[in-house]
Amino acid sequence: PRAPAGMGDVPEPCPQAPLAVLSKVELRVSCKHLLDRDTLNKSDPCVLLLMQSQGQPRAAPTQVDRSEVIKSNLNPVFAKIFTVDYYFEEVQKLRFEVYDSHGQAGVGTHDDDFLGGMECTVGQIVAQKRVTKPLFLKYGKFAGKSTITIISEEISGNNGYVELAFRAKKLDDKDLFSKSDPFLEIYRIDDDRSEQLVYRTEVVKNNLSPIWEPFKVSLNSLCSCEEKRKLRCVVWDYDSRGKHDFIGEFFTTFEEMQKAMGENKVQWDCMNPKYKIKKRNYKNSGVVVLLDLKIHRVYSFLDYIMGGCQIHFTVAIDFTASNGDPRNSCSLHYINPYQPNEYLKALVAVGEICQDYDSDKKFSALGFGARIPPKYEVSHDFAINFNPDNDECEGIQGVVESYQSCLPKIQLYGPTNVAPIISKVARVAADEERTKEASQYFILLILTDGVVTDMADTREAIVRASYLPMSIIIVGVGNADFTDMQILDGDDGVLRSPKGEPVLRDIVQFVPFREFKNVSGAATGPCLPLPAP
């Protein structure tokens, strides 16, 4: 199966396993000569990224992400950077659709004006690095002279990111009856002297000394992980008609920015070259200050292991009523004295591979979604050995024995809340990271029948966990609809929290066990997405 960032290969993948991720690719989008659909103003464009689901060539492409809306602009350069997985051997079809957005109605609805679409593959963009194509309306009709340009960049192995906080002081006033409405743009200057938009801040209304919200960008996006690469920063006075007034600019590098770490601050004169030439006593058009800079390094699974980390596995078993009554032969938890049920088959097949990576061969074993003794209250994170002080079992056989002992004592119930289990393991991982030793890497193995009740909370928990030394393997048991699990996996787009925050790294891998249970034991192991570089 495809391995999440920070997780990867087990030798000799079996024939059933999909191809491995070659890399991740960042896509930057701009358009020119868009159609003007608005009567009084120019169009307010937004780009939707749609992707063909893997293994479903006839299915309609689904939306995986969207850009911001740029007001009143027929030649927009979008600040949004789309990130997609790149599978070298696969034809990955993409579709970009541009719409004139109408505020609260959303984007892509019948209330929006379609400005044109373009189809291509990830491979084409990666091979050419810069692709410019015409936009087409329905039925293959050209959208006037409209074009869309996609620039691709493969993300390097350094997945760190930086958090920046800027403010400005005494900016030039460009407005007649009020003060300027400033926003800041940061551009990376590439080797061919072209400029790539890295980030665009929000607009601070009517303020000559604005404080912009702190923001995060990857080191790859900011400076291609080269500290001395030149950056151009531009301050504009926002205009609702799209004709923003230039206030000033300055040049810097990430190396220079790093002087702002700790209590230090770095500031630059915001210069207008025309004023510098025309005005004899011109000093600047204001000052921009970097208030704070924090560097966050994102380590891969291999980084942790090479650094001496030990693997700690936690198994979480779904004991919700949707699995069926254990006394019924149709139940996935059927208590059968002659052969293992579906959960035991999955547990043994996956667990025996997992324990090869765990030095002490001890597994924390948890259950969720059942009423448990003595009060028979619903619990979403209980130890299946009923010892809350020590939930570890000796090897997979110990987990099997605890499962078999636990099953007759509990009542399968619900709902299927996965977030508490993820949060519980994440808390342990966070405590471990705070010790500064970071001596353990945590892998949560969730066995479930696939129906998730707390989807929003689960997405939030996964986004939080993506900042920690932690990965999640979800094994789908039975023949249920695993749509929720595939969403959490994020293979068809970047998983986001309900508030829109993306995962820092792809830490979830979903495996439907039904695809592997008929494979011989020798072959089952290599199909599983266990950690590697």
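Reference entry: report on the structure contained in this document.

Quick notes on the rules
- Residues numbered from 1 in each chain as written.
- Predicted model: local features only at pLDDT ≥ 70, side-chain atom pairs only at ≥ 80, totals over all residues.
- Heavy atoms only, no water.
- Patch = residues over 30% accessible without salt bridge, like charges linked within 9 Å, V, L, I, M, F, W, Y side chains within 5 Å.
- Areas by Shrake-Rupley, 256 points an atom, 1.4 Å probe, with all protein chains shown as cover.
- Salt bridge = Lys/Arg side-chain N within 4 Å of Asp/Glu carboxyl O.
- Lys, Arg positive; Asp, Glu negative; His and termini not counted.
- Charge placed at Lys NZ, Arg CZ, Asp CG, Glu CD.
- Helix = DSSP H or I, 4+ residues; strand = E, 2+ residues; numbered from the N terminus.
- Buried < 20%, exposed > 50% of the residue type's maximum accessible area, 1.4 Å probe, protein only.
- Expected span 1.5 Å × (residues − 1).
- Polar contact = N/O pair within 3.5 Å; in protein donor to acceptor, adjacent residues only side chain to side chain.
- Pairing = 2+ DSSP bridges.
- Axes fitted to C-alpha atoms, helices over the stretch in contact; angles between N-to-C directions.
- Phe/Tyr/Trp six-rings, centres within 6.5 Å; stacked < 30°, edge-to-face > 60°.

Description of a positive patch on the surface
Here is step 1: A surface patch of positive charge is lined by Lys169, Lys170, Lys265 and Lys283.
Here is step 2: Here Lys170 shows up in the loop between β9 (161-169) and β10 (182-189).
Here is step 3: Assessed through its relative accessible area of 70%, Lys170 is described here as exposed.

Things to note about the pattern of salt bridges
Two side chains bearing opposite charge may form a pair once their charged atoms approach each other closely.
Here is step 1: Taken as a whole, this structure holds 22 salt bridges when the rule is applied.
Here is step 2: When the shortest N-O distance is used, the salt bridge between Arg95 and Glu119 registers 3.4 Å. With a gap of 24 residues between them, Arg95 in strand β5 (residues 93-100) and Glu119 in strand β6 (residues 113-121) connect regions that are remote in the sequence.
Here is step 3: Assessed through its relative accessible area of 53%, Glu119 is described here as exposed.
Here is step 4: Connected via shared salt-bridge partners are Glu26, Arg28, Glu153, Arg188 and Asp190.

Some thoughts on helix α6 (residues 342-354)
Here is step 1: Between its terminal C-alpha atoms α6 stretches 18 Å, which fits the 18 Å expected from 13 residues at 1.5 Å a residue.
Here is step 2: Looking at α6, one finds that the buried residues are Glu342, Tyr343, Leu344, Ala346, Leu347, Val350, Gly351, Ile353 and Cys354.
Here is step 3: Two or three places before Tyr343, at the opening of α6, Asn341 has a side-chain oxygen 3.1 Å from that residue's backbone nitrogen.

Topic: the side chain of Ser471
Here is step 1: Tracing the backbone shows Ser471 in strand β25 (residues 470-476).
Here is step 2: In this structure Ser471 comes out as buried when scored by relative accessible area, which is 0%.
Here is step 3: At 2.5 Å, the side chain of Ser471 forms a polar contact with the side chain of Tyr441.

Describing the sheet that holds strand β15 (residues 266-269)
Here is step 1: In space, the 4 strands of this open sheet follow the order β12-β9-β16-β15, with antiparallel pairing throughout. Strands with a single pairing partner mark the edges of an open sheet, and in this sheet they are β12 (215-218) and β15. Taking the axes of each pair of neighbouring strands and ignoring which way they run, one obtains an average angle of 35 degrees across the sheet.

As for the packing of aromatic side chains
Here is step 1: Inspection of every chain in the model, using the stated rule, returns 14 aromatic pairs.
Here is step 2: Note on Tyr161 and Tyr467: the rings are 6.0 Å apart at their centroids and 85 degrees apart in plane angle, and the pair reads as edge-to-face. One end of the pair, Tyr161, is in strand β9; the other, Tyr467, is in the loop between α9 (455-465) and β25, with 306 residues separating them in the sequence.
Here is step 3: Taking the relative accessible area as the measure of exposure, Tyr467 reaches 24% and is therefore partly exposed.
Here is step 4: Ring geometry for Phe166 versus Phe215: centroids 6.2 Å apart, planes at 15 degrees, classification stacked. Note that Phe166 is positioned in strand β9 and Phe215 in strand β12, a separation of 49 residues in sequence.

Structural notes on the sheet that holds strand β20 (residues 377-379)
Here is step 1: Here 3 strands make up an open sheet; going across it, the order is β20-β19-β23 and the pairing antiparallel. Two strands close off the open sheet at either side, each with one partner strand: β20 and β23 (411-412).
Here is step 2: Two elements, strand β19 (residues 370-372) and β20, share 3 bridges in a ladder whose sense is antiparallel. Paired with Arg371 across the two strands is Val378, which belongs to β20.

Topic: unusual backbone geometry
Here is step 1: Across the junction of Pro373 and Pro374, the peptide omega takes the value 5 degrees, indicating a cis bond.
Here is step 2: One can find Pro374 in the loop between β19 and β20.
Here is step 3: At the junction of Gly414 and Pro415, the peptide bond is cis and its omega measures out at 0 degrees in the coordinates.
Here is step 4: Here Pro415 lies in the loop between β23 and α8 (419-434).

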